[in-house]
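Chains, contacts and geometry: an overview
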Amino acid sequence: MDYRFPMGPYPYGWYQVLLSRDIKRKEIKTVEYFNKSIVVFRGESGTVSARDAYCPHLGAHVGVGGKVVGDTIQCPFHGWRFDHDGQCVDIPYCAKIPPKAKFEMYPTQEINGAIFIYYDEQGEAPKFDLPVMPEFSDPNYSKLLHWNYEVDSHVQEMAENALDMGHFPLVHDYKEVPRIESLICEGAALHVRFLGERRLLGVRNPFDVTLDCYGLGVVFGRNITDLVTVRVIHSATPINENKLRIGVSFVYQKSKIPGLNLFLRWFLPKEVVRFVDGDRAILNHKMYREKPKLCSAERPLMVLRRWAKQFYRETGVEEAAAA
Amino acid sequence: MSDRTPRYPFTSYPNGWYFIAETRDMKPGDERSGIVCGTRILFRMQSNGIIVLDNAMQCHEDNGLLYVFWGTQQKEVMRLPHFVELRDDGWMGPFNHVFKIRSHVQDITENTVDRAHMVNVHGYRSAPACHSFRIDGPHLVMSTEGPRTMFGITETIKMDITCYGVGLIETYVVSDHVTTKILITNTPIDEDTVRINLWFAIKKQGRLRDTIHRLLVPPLVHREFSYDLPIWENKIYRAQPILCAEEKDVANYRRWARQFFQEATVNEVAA
């Protein structure tokens, strides 16, 4: 498939690669993102790190037959062990460790029930962090529910889609276009709040949604309705130049009304699937218009595009700041 | 946006002798074919019992194994293994295991000189010592000795190894209890795939021992080899590996192997 976007496929930033519960202590997982094999392991202490899959020594894939020893990962080929910083700490047959024996690492943050890595093609240190959302460890909230799927798209398209109020009635069956209450760009974060109303089983159900985008890969969202408050992580992680894995993870505030929690457990995942399915076909096939014909109500889209420029090397942070 | 980058920074078809097929059960007039370096090669047995190819490549038959020479050098320069044990009454065999894997002949042969991997992959108690390491034109000759434990018994394993280019590895494996001769033939099938044949014969030592060896040795050889396969299939080739002081052999091997990637250089190396 030809690449169909004018901007680079991998803007730098944080990207979700696993859920915390996907990887137990002493476990190794290989994930395929950014057209690379990435090995994630959790040490005995519980710490998680992510690295290029291939040993700096003679190139073995440490995710195939590698072992976790304490807080190190041991290569299956020659038994060299490497710590969470990527540094070789033991060679079974050699006392002197070559200082260059170090893995290419991806900075890792494990928060809100998920594991995020920072990807920058140039390998520079993270320019921002992700915030902790207390609801994800709050006992008054449900346990994490998760849904994910693949789509042929670009991470920026996913962010644009979330801010594109005009598509809600037609694609997602809303009665009217939601109203943007505020839109704030703050460095690598973009905060948007919008209000609207849906009908749920014939009953009016007003909603108050806040989306906090951190880079183009991660959106932390909150949806407050009369029925329930839901906290969402919407993640978009490039598998390769043309394909994304979209993750939707959420927790909802447990209700005191008898039976309602059971209903929510059944209803909310269905809602997520329905929502996602609406976008999927359009995203799979649409093209990216650099100069879209927009009406005045669609100004937020251009705000987002200006903000998004900072995550691409070609444009640079300076240009985005000047814009 | 880049396409898939090649897995190795050099051709999948280095120069040298490659095993193509067995000829043991061929009769005069029989025609067969085999694939070497992406090329199907037809051969037939003449009425005088001699094998001929239907193209201009050089071939050689030894104890029922047929080899062809891929490349442009003189065939006299690179010798071929002489596997008399396959037909010798003093030896049991031939035994044969075949693997078809995603790898490169240079990587597979590199494993032979890589003594350090014997500990982690093959259960040696320590990396085998190297008694000699000699380069002789297109041949690499080495002998090693190291302790390994199997079924709770630790024994010393001695190996005398000769690599004929990167396609053929001949090894005498002598442990305290059994002597085996193994010939590993690595043949590139296409750009990504190598067919590995393990041919081996076990030295006879009396009826009781032979029965045990006949039962035990072939599956053990198969098992040892199967430990290497997932590593070979999934590794990348590091052109600039970070080696430690104990691993000079690997660097020397790579320098030696370079000759098989250039045209008509074997003669110069030998001269």
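Here the structure is shown first, and the text comes after it.
Our subject in this report is the structure included herewith. In this text the structure is predicted, and so the values were computed from the model without any measurement.

1. Points about the packing of helix H1 (residues 155–163) of chain A against helix H4 (residues 299–308) of chain A
All names here are of chain A. One can describe the packing of H1 onto H4 by two numbers: an axis separation of 9 Å at closest approach and a directional angle of 150°. Looking at the two axes, H1 sits roughly antiparallel to H4. Crossing hand, H1 versus H4: right-handed. Across from Gln 156, Ala 159, Glu 160 and Leu 163 in H1, the residues of H4 making contact are Pro 300, Leu 301, Leu 304, Arg 305 and Ala 308. The residue inventory of the contact of H1 with H4, partitioned by class, reads six nonpolar, one polar and two charged.

2. Here's the deal with empty space enclosed by the protein
In total, this model carries one cavity of 30 Å³ or more according to the counting rule given. If you trace the largest cavity, you find it lined by Leu 58 and Phe 77 of chain A together with Asp 107, Glu 110, Asn 111, Asp 114, Trp 232 and Lys 235 of chain B. Examining the composition of the lining of the largest cavity, we find that three residues originate from one element, helix H1 (residues 105–113) of chain B, more than from any other.

3. Things to note about the interface of chain A and chain B
Contacts between the two partners involve 27 residues from chain A, matched on the other side by 24 residues from chain B. Both faces considered, chain A and chain B share a buried interface measuring about 2,000 Å² in area, 64% of it formed by carbon and sulfur atoms. Looking only at chain A, the three residues that lose the most surface to chain B are Leu 58, Phe 77 and Tyr 93 of chain A, adding up to 32% of its buried area. If you look at where chain A meets chain B, you find one salt bridge. Of the charged contacts in the structure, one is a salt bridge between Asp 52 of chain A and Arg 238 of chain B, with a shortest N-O distance of 3.9 Å. Counting across the chain A and chain B interface gives 10 residue pairs in polar contact (both at pLDDT 80 or more). Here the side of chain A that touches chain B is composed, by residue class, of 17 nonpolar, six polar and four charged.

4. So, H4 of chain A
Residues and elements named next belong to chain A. Most of H4 sits out of view: seven of its 10 residues are buried. Residues of H4 that are buried include every one of Pro 300, Leu 301, Val 303, Leu 304, Arg 305, Trp 307 and Ala 308, and no others. Among the structural elements, H1, strand E13 (179–186), strand E14 (189–200) and strand E15 (203–214) are those in contact with the buried residues of H4.

Rules of the game
Residues numbered from 1 in each chain as written. Chains lettered and ligands numbered in written order. Predicted model: local features only at pLDDT ≥ 70, side-chain atom pairs only at ≥ 80, totals over all residues. Heavy atoms only, no water. Axes fitted to C-alpha atoms, helices over the stretch in contact; angles between N-to-C directions. Helix = DSSP H or I, 4+ residues; strand = E, 2+ residues; numbered from the N terminus. Parallel < 35°, antiparallel > 145°, perpendicular 65-115°, else oblique. Left-handed = near helix turned anticlockwise from the far one by under 90°. Contact = heavy atoms within 4.5 Å. Nonpolar A, V, L, I, M, F, W, Y, C, P; charged D, E, K, R; others polar. 1 Å grid on protein atoms, 1.4 Å probe; cavity = no way out; pocket = protein on both sides within 12 Å on 5 of 7 lines; lining within 4 Å. Points joined across faces, edges and corners; volume = space filled by probe spheres on them. Buried area = accessible area lost by both parts, 1.4 Å probe. Salt bridge = Lys/Arg side-chain N within 4 Å of Asp/Glu carboxyl O. Polar contact = N/O pair within 3.5 Å; in protein donor to acceptor, adjacent residues only side chain to side chain. Buried < 20%, exposed > 50% of the residue type's maximum accessible area, 1.4 Å probe, protein only.

Everything listed here is a matter of geometry and, on its own, says nothing about what the molecule does.
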